[in-house]
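# Fold and contact review
Residue-level listing of the chains:
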Amino acid sequence: MEQQHRNELGISWIHRLLEDILKLSTDEERSELIERYRREYTGETEGLILKDADSIAEMLLRCRNYSGIVNHKLMTLTDDERAELEETERIIDENEFDYYFQPIVNTTDGEIFSYEALMRPKSTMKLTPLHILKYAGLVNRLPDIERGTFLNVLGIIDVKKSKFLGKYVFINSIPEARLEAEDYRRVTKMLLKHADTAVVEMTEQSEIDDESLEALKERYRNMGVKMAIDDYGSGYSNVGNLLRYMPNFVKIDRSLLHEIHTNPKKRHFVREIIQFCHDNDILALAEGVETADELHTVILLGADLIQGYFTARPAPEIIESIPNDIKQLIKRYHQEREEGIGQQVYLADCAEHIILDRLLPSGIKCIVVGANGSGDVTVEGDSNVDSQIRVETRKGFCGKIILENAWLTSIKNKPCIDIGEENDVTVVLVGDNKLDMGGIRVPESSRFRLAGEGRLEINLDDKEYYGIGNGVGLLHGELIFEQSGRLTVNSHGQTGIAIGSGNGGIIRINAGQYRINLQGDVAVGIGALYASAEMIIHDCDIGMEMTTARGTAIGTIGRSNEISIYKTSAKIFMSGVELVGIGTLDGESSKLSLHEASCFVNVKGECCSAVAALEGKSDIYFEQAAIRLTVEGNQSAGIGGFTGDTTIKQKDANTHVVLNSAIKAEQCVKRENIMSEHGKFVFTLNGTDTIVVEG
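Residues numbered from 1 in each chain as written. Predicted model: local features only at pLDDT ≥ 70, side-chain atom pairs only at ≥ 80, totals over all residues. Heavy atoms only, no water.

Turning to the overall build of the protein, a few remarks are in order. The helix and strand inventory of the protein stands at 15 helices and 37 strands. With respect to the three principal axes, the spread of C-alpha positions in the protein is 120 × 70 × 45 Å. Here the protein, with 695 residues, has 51% of them falling under the buried criterion. Across the protein, the fraction of contacts at a sequence separation of at least 24, relative to all contacts at a separation of at least 6, is 72%. (Helix = DSSP H or I, 4+ residues; strand = E, 2+ residues; numbered from the N terminus. Buried < 20%, exposed > 50% of the residue type's maximum accessible area, 1.4 Å probe, protein only. Contact = heavy atoms within 4.5 Å.)

Here is the structure:
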């Protein structure tokens, strides 16, 4: 009994010691505690126990200090905060998030350029995104937020992509949040699918090391996904940080824009940021604009894009346009910038004959047509002298602009000829004319005609471009081509179109000669990038050379089309990866009628066809035509797409399709779906005539 009592006494002091250790919060308390016990328990065995206890106490404090801030915060949370933490974990576990979309607006015309997807947690506790991020960080759930944000927003894009009309969607990212392998794979798959839409947005202060950042940049670059830096200027910001990221977009923090019109230091700093962006092909986005004065100032400073409550609040539905009064205000402020800072403007009188050489000494950079009424204006120059001048028309202008040996050059990201809203303009070509660094912009509300016997050469070199039409994410007005002379479009860029726009519009090619040479990642010669198209092309001579990863010479990339070509000679040469000569890459169907014409198409790539809806139904009709289609590629079809849903009818026509590919002829076109009357259809696969239809 006495021995048992001694054992119990020995155990009891160790129990008290452990209880005291659990109460420790500093190293000083640890030292005092161990020293007190050493004075009381002096035996050899007790000494060994206290030595081990001291090590355990030190490790416990170290662990607490390592995650100390987090643990301390968890320990010091109020009851309300603990309830919010529990609600946050429930929201994450059940994926209870909505997403609102706030428009990002172009400062040129007030049109929506893109959207930012903003998290909205579904909870009766009215938790904000900042609450969610705060509590997720405390319990190491940021990777769950990262995964959920990407998959949720990309899922919305997947279902509602047509509603975004080809515009970008900014997705907030936490780059230091490392995803599990399976989550990483799922996010990557969805990003690749929507690389043409997604923009990954991360804050400048992201806690990511240089090696990881370079790997991240390389990953997005290889996928074709654009990057944006958020909150630039909110903390310690310098040019080195921007050089470190080299994003496609820089979002200037709200703190720099608040009452910027009253603060010269803010204006100076923001001007420097915008200038750096423009010098490095980065778009500068003013974020958090809340008043007309702030809007006015940032537009005058040269911001490319605007986001804020003043232009449009976040909404659960995707809006197509901001209020018209705000749009008009943006246009007016933009016009003020164009006429003011760094720009000298010449206001043309109606029926004026302008000699460019006379404007050069005064440093004029822009001729404004229509400010003094409608009429016919002649712009005459020397085809060997770059005037460094561009032309724009005011809203409601109706008349002709006669280009006579004029060489116009735009400033970066601006068209050489900018047609205003609600215009009806005919550009008449006389002699040799040239447009450098920009084409002709025709907004949706306007009509444009090209006429005359002269020639026009358009040279483009930008990430996103258009020759005649409108931007990648926009609709263009009615385009009518009636000139007898030659139109040449040469471009080097990532994404663009020679004639047309991203979201389409009316195109009528009634005459003329066309030489289109495009190089880049995604390109269309004539048609639309992301919208359906109906085109009539006749009485013309078309020659195209395209080197592009994905492209269509005549037609569309993302939607169906209907194309009628007659009394025309077309020669098309293409090389790249995914290509269609005439038709659509991703659209559901393509209907082509070609008669009284000759057509030569030569395509080399991986996934190609000369005439087709590559992933849909192809309906093809040839009459009184001579057709030669040559296609080379590992997974390519000579005519028709990969679904096998192709119908070919011809009358008084001779067609020869030459295909060098690993696929079989019947995978793209079946003999029973080919009908020939008074002509011959030959399909040659890898040197052998596999299909011959005569009638």
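And the narrative resumes.
This part takes up helix H7 (residues 142-160). The first and last C-alpha atoms of H7 sit 27 Å apart over 19 residues, in line with the 27 Å expected at 1.5 Å per residue. When we look at burial in H7, the residues that qualify are Asp144, Ile145, Glu146, Gly148, Thr149, Phe150, Leu151, Asn152, Val153, Leu154 and Ile157. (Expected span 1.5 Å × (residues − 1).)

Our next topic: the packing of aromatic side chains. Going through the model one piece at a time under the given rule, you end up with 11 aromatic pairs. Residues tyrosine 168 and phenylalanine 249 carry aromatic rings whose centres are separated by 6.1 Å and whose planes lie at 70° to one another, so their mutual orientation is edge-to-face. Here phenylalanine 249 lies in strand E6 (residues 249-252) and tyrosine 168 lies in strand E3 (residues 168-172), a separation of 81 residues in the sequence. Residue tyrosine 168 is classed as buried on the basis of its relative accessible area of 10%. Seen from the ring of tyrosine 100, arginine 120 lies directly overhead, with NZ or CZ sitting 5.4 Å from the centre. Over the ring of tryptophan 407 we find lysine 434; its NZ or CZ atom is 4.0 Å from the centre of that ring. (Phe/Tyr/Trp six-rings, centres within 6.5 Å; stacked < 30°, edge-to-face > 60°. Lys NZ or Arg CZ within 6 Å of the ring centre and 35° of its normal.)

Looking now at the pairing of strand E1 (residues 97-106). With 7 of its 10 residues buried, E1 lies for the most part within the structure. In the sheet, E1 pairs with strand E2 (residues 112-121) via 9 bridges, with the strands oriented antiparallel. Directly across from proline 103, in E2, lies its bridge partner tyrosine 115. Here E1 folds back onto E2, and the loop between the two strands holds 5 residues, one of which, glycine 110, carries a positive phi near 80°. Here E1 runs beside strand E8 (residues 305-307); their pairing, made up of 2 bridges, is antiparallel. Of the residues in E8, the one forming a bridge with asparagine 106 is leucine 305. (Pairing = 2+ DSSP bridges.)

Enumeration according to the criterion identifies 36 salt bridges in this entry. Between glutamate 201 and lysine 251 there is a salt bridge; the shortest N-O distance is 3.1 Å. Pair noted here: glutamate 201 is in strand E4 (residues 198-203) and lysine 251 is in strand E6, with a separation of 50 residues, a long-range link. Across this residue pair, the class does not change: glutamate 201 and lysine 251 are buried. Ionic contacts of the salt-bridge type, sharing partners, join the residues Glu89, Asp93, Arg141, Asp144, Arg147, Asp183 and Arg186 into one network. (Salt bridge = Lys/Arg side-chain N within 4 Å of Asp/Glu carboxyl O.)

Turning to the packing of helix H5 (residues 79-93) against helix H6 (residues 129-138), a few remarks are in order. Axis separation between H5 and H6 bottoms out at 9 Å; the angle between their running directions is 95°. Here H5 is positioned roughly perpendicular relative to H6, judged by the angle of their axes. Together, Glu81, Glu84, Leu85, Thr88, Ile91 and Ile92 of H5 and His131, Ile132, Lys134, Tyr135 and Ala136 of H6 make up the contact between the two elements. Grouping the amino acids of the contact of H5 with H6 by side-chain chemistry returns 6 nonpolar, 2 polar and 3 charged. (Axes fitted to C-alpha atoms, helices over the stretch in contact; angles between N-to-C directions. Parallel < 35°, antiparallel > 145°, perpendicular 65-115°, else oblique. Nonpolar A, V, L, I, M, F, W, Y, C, P; charged D, E, K, R; others polar.)

Attention now goes to the nonpolar core. One finds Ile367, Leu487, Ile554, Ile639 and Phe683 to be the most contacted residues of the largest nonpolar core, which totals 91 residues. The element best represented in this core is strand E28 (residues 533-556), accounting for 9 residues. Ignoring sequence-local partners within four residues, the contact set of isoleucine 367 consists of Tyr346, Ala348, Ile354, Leu356, Leu359, Val379, Ile389, Arg390, Val391 and Glu392. (Core = buried A, V, L, I, M, F, W, Y, C linked by side-chain atoms within 4.5 Å.)

Attention now goes to the sheet that holds E4. If you trace the 8 strands once around the closed barrel, you get E1-E2-E3-E4-E5-E6-E7-E8, paired in mixed fashion. Neighbour-to-neighbour, the strand axes of the sheet open up by a mean angle of 30°, direction not taken into account. Two elements, E3 and E4, share 4 bridges in a ladder whose sense is parallel. Bridge pairing links phenylalanine 170 to valine 199 in E4.

Where H7 contacts helix H8 (residues 181-193), the two axes come as close as 10 Å, and the packing angle between them is 30°. Taken together, H7 and H8 sit at an angle that is classed as roughly parallel. By crossing handedness, the relation of H7 to H8 is classed as left-handed. Counted together, Arg147, Phe150, Leu151, Leu154, Gly155 and Asp158 of H7 and Asp183, Arg186, Val187, Met190, Leu191 and Lys193 of H8 form the full contact between these two elements. Classifying every residue of the contact of H7 with H8 by side-chain character gives 6 nonpolar, 1 polar and 5 charged. (Left-handed = near helix turned anticlockwise from the far one by under 90°.)

Here isoleucine 252 is to be found in strand E6. Along the chain, isoleucine 252 and glutamate 287 lie 35 residues apart, while their C-alpha atoms are 5.7 Å from each other. If near-sequence neighbours (up to four positions away) are discounted, isoleucine 252 is found in contact with Tyr232, Leu257, Val270, Ile273, Ile274, Leu285, Ala286 and Glu287.

What follows is about unusual backbone geometry. Positive phi outside glycine occurs at asparagine 140, with the angle close to 60°. With respect to the secondary-structure elements, asparagine 140 resides in the loop between H6 and H7. Positive phi outside glycine occurs at aspartate 652, with the angle close to 50°. Topologically, aspartate 652 is positioned in the loop between strand E33 (646-651) and strand E34 (654-660).

These figures capture arrangement, not role.
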